[in-house]
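Structure at a glance
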Amino acid sequence: MDQPAIADRRQLRRKLTFWRVAAITVAAIAVFAAIAWNWPATSIEDHVARVSISGIIKDDQELLERLDRIAKNERAKALVVSITSPGGTTYGGEVIFKALRKVAEKKPVVADVRTLAASAGYMIAAAGDTIVAGESSITGSIGVIFQYPQLKVLMDKLGVSLDEIKSAPLKAEPSPFHPASEDAKAMIRRMVDDSYAWFVDLVAHRRKLPREEVLRLADGSIYTGRQALQAKLVDRLGGENEIRDYLETRKVDRRLPMVDYEAPGRSGLFGLGLDAADWLKGFSGIGFGPSEVLEKLGGEKLFLDGLVSVWQVGRD
């Protein structure tokens, strides 16, 4: 090989080495940037932590871990919980309520009722040391509901039947494949009544209201922020200024920055993807897993994990 060819090859090798190093450097910067993005500036300066809870409330382990970190972070001088939710499972609301009360043992907790905080959403709000609501926000709907689909008529039309052998009459009841027996309905009624009584007692204790008064309010009714203030279900109307005013009474400087503690995003290829199914869903808007199909057919409430405390607009 002549000298010019050797020189060209060496030059090409140097260029390849440069671009390899550059690619590795860019990738490292991207990784550190992603870590910094998901790591609030909590260990550096005092601040007010803020957590947003929206959509259907379920048993959310990641959220519970986030609240635990806030409780243990001495730089977080207070917690604001912004709620926009129609509710969800009673158990999901219960565990988040308890987690918020653990935070409140160490620092002030403010519930910020936004557009909608009903049912389990209000249950979570009741965990706050004070509740601030918008004047036209929707809250209340104190109660519990248990719903189950009934497919018997459809199965009869299709000529499909289901036989079963079970250990006792109430095993796997109520079933979507046949009407519930009176004993099954009574069993579910006892569960609903027990959870409802627990919810009512929780509100009475947190709002310092007579139980009889809470029972009057807990007929499933929803209230605007103004109505909720009159009923003593919330403490004041407003937004961030009113939140800051309250925190000042708890000796939290109103000039402290408010830092959002967000759920870390799942990462995939180049931080853009999640997995093949998620990529296809994001590209086409169609889910391919069986739960995706059933959720489209039956609605999200089929996937709630127990008794439900949720406000929902009736459907025609």
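Each value, and the rule that gives it
- Residues numbered from 1 in each chain as written.
- Predicted model: local features only at pLDDT ≥ 70, side-chain atom pairs only at ≥ 80, totals over all residues.
- Heavy atoms only, no water.
- Helix = DSSP H or I, 4+ residues; strand = E, 2+ residues; numbered from the N terminus.
- Buried < 20%, exposed > 50% of the residue type's maximum accessible area, 1.4 Å probe, protein only.
- Expected span 1.5 Å × (residues − 1).
- Contact = heavy atoms within 4.5 Å.

Our next topic: unusual backbone geometry. Following E173, the chain continues to P174 via a peptide bond in cis, the omega torsion being 0°. Note that P174 resides in the loop between α5 (152-158) and α6 (182-207). Of note, the phi angle at S141 is positive, near 55°, even though the residue is not glycine. For S141, the location among the structural elements is in the loop between β5 (138-140) and α5. If you check the backbone angles, K251 has positive phi at about 65° while not being a glycine. Position of K251 relative to the elements: it lies in the loop between α9 (240-249) and β8 (258-260). When its relative accessible area of 81% is taken as the criterion, K251 is described as exposed.

What follows is about helix α3 (residues 90-104). Compared with an ideal rise of 1.5 Å per residue, which puts 15 residues at 21 Å, α3 spans 21 Å between its outermost C-alpha atoms and is within 8% of the ideal. Within α3, the full set of buried residues consists of T90, G92, G93, V95, I96, F97, A99, L100, V103 and A104.

Tracing the backbone through its elements, the reader meets L256 in the loop between α9 and β8. Judged by its relative accessible area of 15%, L256 falls in the buried class. Separated by 179 residues in sequence, L256 and K77 have C-alpha atoms that sit 8.9 Å apart. When residues no more than four places from it in sequence are discounted, the contact partners of L256 are D46, H47, V48, K77 and R244.

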